[in-house]
Amino acid sequence: ALDDGLCIDIIYLDLSKAFDSICIRKLLLKLESLGISGKLLKWLQGYLTRRTQTVKIGDDFSAESHVESGVPQGTKLGPLLFVLYMEDIIPVVALSVLLRIYADDIKLLYVFPKSQIPIELQTAVRDCASWLADMNLSLQPEKSQVFHLGHDNPCYQYTVSDKRIPPVEFVSDLGVLFDKQLKFSRNSARLANKASSVANMILRVFCSCNSKVLIRAFKTYVRPILEYACEVSSPYLVRDIEMLERVQRNYTRRVASRIRLDYEDYEDRLRQLDLPPLGDRRDNACLTMYYKILNGLSHSCHDILPLDQNPRELRRRNNRNLVTENCRLEARKQFFSCRYRTTWNALPENVVNAPTLPCFKSRLCNLRSLQ
């Protein structure tokens, strides 16, 4: 949409005490309408009702009070019951507005030309607020956010109960920090800072001089932070790529110093410690996601990776070539579904046609180790 010159407005709605505000009676009616009955329904009714709570300060307890609403938090059933309770909000929103719900996070996305007033998005916000009020849930306009994307976006104001939803320059969506240029520089900086803190703590706490222990700790506690949601937020600016790689570079240098490993060159240290560069691992993760999407192993829409029905035989390396796009914006060119198409098309046929996911990963790693 952005590559076509359109604008995108995304509204993140914040619910006030969502899990504590659920009406138990309405939840039980919803469960019954979904076909839950008999002993299971009675068990859930007993699980949700006749609950009490008390407050402890020091050694003193307050008088018990009955819990009249909400689902128990910190349980496996709590989020599931909340999702079922929220299910009926989906048909409330117009089809032109994309609605996404994750637990108590509600996101509304609307694509429009800059000459159009996004009335449908404001209507969707109003309809959501009305439905939530009927379900004993309330929105917090001051904690909700609107994120404007697109060149010359008119940045319209949206309201909830006559209160303006504040616009933001960047937003955290499921742990990924998005900026308006979609460069993910802020996200990379945040991941690098967090990972560096954990890496420094490991080297302070672990007194071991065993390289295998220290590298296992890095793989377990540090590398997952640096690779979080890399399919979406993999950096493409050199400074951001270097920022993430620097965490591993500094860690391996300190490990090498501790175990008296005389390797000043970063690549030599990686070979000695049996660690691949982080950039290679991100590339492998994205190509693996391509394989999952094309083979129906992911919930992602298959349409984002269209197969080329008429590939040129001279350039064809495999029988699952993807259509390459001519992108106007750098953000689109570096977007996950476009960035690795050329790389995927260059893979040998025995890799892309691997019968299983573990087999694909193995063949891909073997191929890249030979390059």
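Worth saying up front: this structure is predicted, and the values here are computed from it rather than measured.

**Q** What's the story with the overall build of the protein in this structure? I'm lost.
**A** On a plain count of helices and strands, the protein comes out with 15 helices and 13 strands. By principal-axis analysis of the C-alpha atoms, the protein measures approximately 65 × 60 × 45 Å. Buried residues in the protein amount to 40% of all 371 residues. Of the contacts made within the protein by residues no fewer than 6 positions apart, 64% connect residues no fewer than 24 positions apart. Carbon and sulfur atoms form 52% of the exposed surface of the protein, whose accessible area is close to 21,500 Å². The average position of the 52 basic charges and that of the 42 acidic charges among the side chains of the protein differ by 5 Å.

**Q** Is there a simple way to explain empty space enclosed by the protein in this structure?
**A** Any empty space left between atoms is shown by rolling a water-sized probe over those atoms. According to the stated counting rule, one finds 1 cavity of 30 Å³ or more in the structure shown. Approximately 50 Å³ is the volume found for the largest cavity. Taken together, Asn187, Ser188, Leu191, Leu226, Tyr228, Cys230, Ser233, Ser234, Pro235, Leu244 and Arg282 make up the full set of residues lining the largest cavity. Elements with a contribution of two residues or more to the lining of the largest cavity: α5 (185-205) and α7 (230-233). The leading source of residues in the lining of the largest cavity is α5, at 3 residues. When grouped by side-chain class, the residues that make up the lining of the largest cavity number 6 nonpolar, 4 polar and 1 charged.

**Q** Explanation requested: α5 in the structure shown.
**A** Structurally, the α-helix is built with 3.6 residues per turn, so residues lying three or four positions apart point the same way. The end-to-end C-alpha distance of α5 is 30 Å, a good match for the 30 Å that 21 residues give at a rise of 1.5 Å each. Considered for burial, the residues of α5 that qualify are Ser185, Asn187, Ser188, Leu191, Ala192, Ala195, Val198, Ala199, Ile202 and Leu203. In a view along the axis of α5, the buried residues occupy a sector of 155 degrees, so they form one face of it. Residues of α5 that are exposed and point more than 90 degrees away from the buried face comprise Asn193, Lys194, Arg204 and Val205.

**Q** I would appreciate a short explanation of the sheet that holds strand β6 (residues 98-102) in the present structure.
**A** Hydrogen bonds along the backbone pair up the strands of a sheet, which may run parallel or antiparallel. Spatially, β6-β7-β1-β8-β11 is the arrangement adopted by the 5 strands of the open sheet, whose pairing is mixed. Here the strands that pair on one side only, and so sit at the sheet edges, are β6 and β11 (167-168). Two strands pair when backbone bridges link them, and strand β8 (residues 145-149) and β11 are joined in this way by 2 bridges, in the parallel orientation. Bridging from a neighbouring strand, Phe147 pairs with Val168 of β11.

**Q** I keep staring at the environment of Leu244 and nothing clicks. Help me out?
**A** Among the structural elements, Leu244 can be located in helix α8 (residues 238-258). With a relative accessible area of 2%, Leu244 lands in the buried category. Each C-alpha atom of the pair Leu244 and Leu29 lies 50 Å from the other, and the pair is 215 residues apart in sequence. Among all residues touching Leu244, those that are not within four sequence positions of it are Ser188, Leu191, Ala192, Leu226, Pro235, Leu278 and Arg282.

**Q** Explain the state of the cysteines to me, please; I cannot follow it from the model alone.
**A** Counted under the stated rule, the structure contains 0 disulfides. Not engaged in a disulfide, the cysteine Cys327 finds its nearest cysteine sulfur in Cys338; these two sulfurs lie 4.2 Å apart.

**Q** What is the right way to read the packing of aromatic side chains from this model?
**A** Centre distance and the angle of the planes are the two values used to describe a pair of aromatic rings. Using the criterion set out here, one finds 10 aromatic pairs in the structure. Ring plane angle 85 degrees and centroid distance 5.1 Å describe the contact between Tyr290 and Phe336, whose orientation is recorded as edge-to-face. Pair noted here: Tyr290 is in helix α10 (residues 278-294) and Phe336 is in helix α12 (residues 336-339), with a separation of 46 residues, a long-range link. Of the two residues, Tyr290 and Phe336, neither departs from the other in class, the shared state being buried. Three or more aromatic residues link up through ring pairs in this structure, and these residues are Tyr290, Tyr291, Phe336, Tyr340, Trp344 and Phe360.

**Q** What is the right way to read the pairing of strand β13 (residues 176-179) from this model?
**A** Side-chain positions along a regular strand alternate between the two faces of the sheet. Covered by surrounding structure in β13 are Val176 and Phe178 together with Leu177 and Asp179, the residues of both alternating faces. Pairing analysis gives 4 bridges linking strand β12 (residues 170-173) to β13, with the strands arranged antiparallel. Along β13, the bridge assignment pairs Val171 with Phe178. Connecting β12 to the next strand, β13, in antiparallel fashion are 2 residues, including Leu174 with a positive phi near 55 degrees.

**Q** What should I look at first to understand the nonpolar core in this one?
**A** The tendency in soluble globular proteins is for nonpolar side chains to be buried as a group. Core analysis: the largest hydrophobic core is formed by 42 residues, its most contacted members being Ile11, Leu13, Met86, Leu108 and Leu132. For this core, the secondary-structure elements that each account for two or more residues are β1 (7-14), α1 (24-33), α2 (38-48), α3 (77-86), β7 (105-112) and α4 (119-134). Residues in contact with Leu13, not counting those within four places in the same chain, are Asp104, Ile106, Leu108, Val125, Cys128, Leu139, Ser144 and Ile165. In terms of nonpolar packing, the next biggest core, distinct from the first, is built from 25 residues, Ile215, Leu226, Ala256 and Leu270 among them.

About the cut-offs
Residues numbered from 1 in each chain as written. Predicted model: local features only at pLDDT ≥ 70, side-chain atom pairs only at ≥ 80, totals over all residues. Heavy atoms only, no water. Helix = DSSP H or I, 4+ residues; strand = E, 2+ residues; numbered from the N terminus. Buried < 20%, exposed > 50% of the residue type's maximum accessible area, 1.4 Å probe, protein only. Contact = heavy atoms within 4.5 Å. Areas by Shrake-Rupley, 256 points an atom, 1.4 Å probe, with all protein chains shown as cover. Lys, Arg positive; Asp, Glu negative; His and termini not counted. Charge placed at Lys NZ, Arg CZ, Asp CG, Glu CD. 1 Å grid on protein atoms, 1.4 Å probe; cavity = no way out; pocket = protein on both sides within 12 Å on 5 of 7 lines; lining within 4 Å. Points joined across faces, edges and corners; volume = space filled by probe spheres on them. Nonpolar A, V, L, I, M, F, W, Y, C, P; charged D, E, K, R; others polar. Expected span 1.5 Å × (residues − 1). Arc of directions from axis to C-beta. Pairing = 2+ DSSP bridges. Disulfide = S-S within 2.5 Å. Phe/Tyr/Trp six-rings, centres within 6.5 Å; stacked < 30°, edge-to-face > 60°. Core = buried A, V, L, I, M, F, W, Y, C linked by side-chain atoms within 4.5 Å.

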